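# Understanding the architecture of this molecule
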Amino acid sequence: MALVTLRRNLCHLSDFRIHGALAALKTQHVNHVHKTVKEHLCPWFWSLHPGPIRVRFHHAHCKKFHSENGNDLHPVGEPGFSQVHNWDRFEHSVKNVDEQMFYRKLNSFTSSEEVLHFISTLETLPDTMMAGALRRICEVERKDGDQRLPKEILESSAFQALCDRFGRNPSDLSNAGLVTAFQALTLLCGDAQSRLLMNLEAECQHRLERGSLDVHSLCILGETLIKLHGPGFLTLDLIIYQLQGESLEAFTPEDIVTLYRLLQASPEKADQQQKFLNKINHFSLSLVSNLSPKLMSQMLTALVVLDQTQALPLVIKLSKYVVRHIARFTSEELRKVLEAFIYFGHSDRFFTETLEQHVASLCLTLDPELVSRVMEYCSRKLILSEPIFNAVAETFVCQAEKFSPSQTAKLIEPFGKLNYLPPNASALFRKLENMLLTHFNHFPPKTLLKLLHSCSLIERHPVNFMAKIFSPYFLQQLQGEESYLDRLSLAQLTQLFLTSILECPFYKGPKLLPKFQVKSFLTPCSSLETPMDFHLYKSVMIGLIDLLGARLYFASKVLTPYCYTIDVEIKLDEDGFVLPFTIDEDVHKRVALCIDGPKRFCLNSNHLLGKEATKQRHLRLLGYQVVQIPYYEIEMLKSRLELVDYLQGKLFSQNSGGHW
């Protein structure tokens, strides 16, 4: 009868490609269950015995008690428990046990012994509460990193009786008790007897085929099967199909997040499920206020894995509640939040301000991985937050040994990218230099190059390491198994070499061979130069034509022999008169106009990025007269006449000696 029901359920499952699923499901179930469970779970004391369902505890400090469910038998009278601790003030009857109080007490325990002792003081318990106790035992044991229960717990009569209750007659269990016990025993990863787990899974499968599992049970079963068999298990398609047929109003916030995690397990099917995902994304907007920090973090992670870029309204709303509860996030949860914001390109002032306060207050206790992720977030969004940068610099100076090479690189690079030196810059870079001297070979070549290049952007030139990075050995390591070096690495090497010539004249080590030098710093990722803002350039060009009298008196996008591209170049003769850009003789001075749009500055700031500050610094050292034309000054001009006057003041001030 169950197979006929399953055939009806699967008749419309074209999206999951489950033609012939009836035979496949049965074969997969039999083979997978026996193979997987036998590999991961070793037999122990439990076995199936015929007879009535009754759980008896023969623990030294316990009464007998039974599970109250269906036609379960009631306990035979036995001597009472000799003593009850003050913290066990529960009535010894399920009718008087407050469920919330039970789980609150259960979650306060930190050892299996405490859990077993607690439940043994209760005469009767529903199977759902017993399953919750079993799950709590799994949780507290897994916290220690050991995936097997201690021998004394396995052999205790209390634990045997607890497992015996679920193994004797699974068909008598409630849905919640069944799936929770199945989940708990799966989490043990080998501490439950294999037949017990197989019988629970078989009963879950039977109820799934009948369509008798509720939303919450389906969610728990789905996650458990992923844990046990992996995301490719065919039964998961049926679970998701049944969940699609349920009204989302029947889902609790926890169930919705679990549903996201089930879909997250098979991201390759996201396109097939997009209509359903759109429905979930929209519905989730109404649930955000009820999510815990853990659930918010998990939802954001799922949105990333499923590439839900169209769910930006949900991301924004989640961000608002992250701001409210940021102090309650664990380091791991906050790291996941930051990763999601980086992925979706989201940032807002309120989150940044809250993050500043959080990082500043916990600077010396923050997890290194979280610190590096915070800096990566600031770097990606071009957020120059002095409170964050100062706190992170202090953290690194005090605890540099806790940071891995990759974490160190992610921490230091934003200082160069955003052109910022903290108050303790000397101590910061001294600590970094010491780390590099002792752990140079532990840094991946590309990570090391990017780190040293970032230091040079803020004039902390890695002179002591230039000889190493220009050596054939390092260049070979940098290239790896590829037939050539990538363009970004070559550009970074070239700029470091140019820096050694212009700013480190005392460096006498090896030079970078010409074959490793680029002709232009403009790269597809714009890491060394930011392309000119076209609309800003058009405005400035109109003003220059009005000022100079003709378009031939200035050139645009001029590539210099030094790899930099100048936005606008104007040539002056010895008397300071402007020459046509086509003339190369009698050029006494070259004026480089840097038309700096918003992308050349930190976010919501007039602070130049490190690469742009370095470019202007190098152009001056190369003999150019650098004139900066920032966008925020142009935006203040109200007329074309004001623009001409502005450009005249910039180009032909009394100190410049220029004429037109």
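What this report covers is the structure whose coordinates are included nearby. (Residues numbered from 1 in each chain as written. Predicted model: local features only at pLDDT ≥ 70, side-chain atom pairs only at ≥ 80, totals over all residues. Heavy atoms only, no water.)

### Thoughts on the packing of helix α22 (residues 445-457) against helix α24 (residues 472-479)
Where α22 contacts α24, the two axes come as close as 8 Å, and the packing angle between them is 115°. The pairing of α22 with α24 is recorded here as roughly perpendicular in orientation. Residues Pro445, Lys446, Leu448 and Leu449 of α22 form the contact with α24, whose participating residues are Phe474, Gln477 and Leu478. Looking at side-chain class alone, the contact of α22 with α24 contains five nonpolar, one polar and one charged residues. (Axes fitted to C-alpha atoms, helices over the stretch in contact; angles between N-to-C directions. Helix = DSSP H or I, 4+ residues; strand = E, 2+ residues; numbered from the N terminus. Parallel < 35°, antiparallel > 145°, perpendicular 65-115°, else oblique. Contact = heavy atoms within 4.5 Å. Nonpolar A, V, L, I, M, F, W, Y, C, P; charged D, E, K, R; others polar.)

### Observations regarding the pairing of strand β4 (residues 565-572)
Within β4, eight of the eight residues are buried, which leaves the element mostly enclosed by the surrounding structure. With four bridges joining them, strand β3 (residues 555-559) and β4 adopt antiparallel strand pairing. Its bridge partner being in β4, Leu559 is matched across the sheet by Thr565. Examined bridge by bridge, β4 and strand β6 (residues 589-596) share five bridges and lie antiparallel to one another. Within the sheet, the bridge partner assigned to Glu569 lies in β6 and is Ala592. (Buried < 20%, exposed > 50% of the residue type's maximum accessible area, 1.4 Å probe, protein only. Pairing = 2+ DSSP bridges.)

### Structural notes on the packing of helix α10 (residues 215-229) against helix α11 (residues 235-244)
Running from N to C, α10 and α11 point in directions that differ by 160°, and their axes come no closer than 10 Å. Regarding the angle of α10 to α11, the classification is roughly antiparallel. The two elements α10 and α11 meet at a crossing, and its hand is left-handed. In this structure, α10 contributes Val215, Leu218, Cys219, Leu221, Gly222, Leu225 and Ile226 to the contact, and α11 contributes Thr235, Leu236, Ile239, Gln242 and Leu243. Residues that form the contact of α10 with α11 fall into these classes: nine nonpolar, three polar and no charged. (Left-handed = near helix turned anticlockwise from the far one by under 90°.)

### A closer look at the nonpolar core
Core analysis: the largest hydrophobic core is formed by 161 residues, its most contacted members being Phe166, Tyr260, Leu303 and Leu355. Apart from the residues within four sequence positions on either side, Tyr260 is in contact with Leu277, Ile280, Asn281, Ser284, Met299, Ala302, Leu303, Leu306 and Leu314. (Core = buried A, V, L, I, M, F, W, Y, C linked by side-chain atoms within 4.5 Å.)

### Describing the pattern of salt bridges
Side chains that differ in sign of charge can pair as their charged atoms come close. Summed over the entire model, instances satisfying the criterion amount to 22 salt bridges. Residues Glu339 and Arg373 are paired through a salt bridge, measuring 3.1 Å at the closest nitrogen-oxygen approach. Taken together, the residues Glu339 in helix α16 (residues 331-344) and Arg373 in helix α18 (residues 368-380) connect sequence positions 34 residues apart. On the basis of relative accessibility, which here comes to 11%, the residue Arg373 falls in the buried class. Between Arg600 and Glu612 there is a salt bridge whose closest N-O contact spans 4.0 Å. Remark: Glu612 occurs in helix α27 (residues 610-621) and Arg600 occurs in the loop between β6 and α27; sequence separation between them is twelve residues. We classify Arg600 as buried; its relative accessible area is 1%. By sharing partners, the salt bridges in this structure join Glu332, Arg335, Glu339, Glu369, Arg373, Glu376 and Arg380 into a single network. (Salt bridge = Lys/Arg side-chain N within 4 Å of Asp/Glu carboxyl O.)

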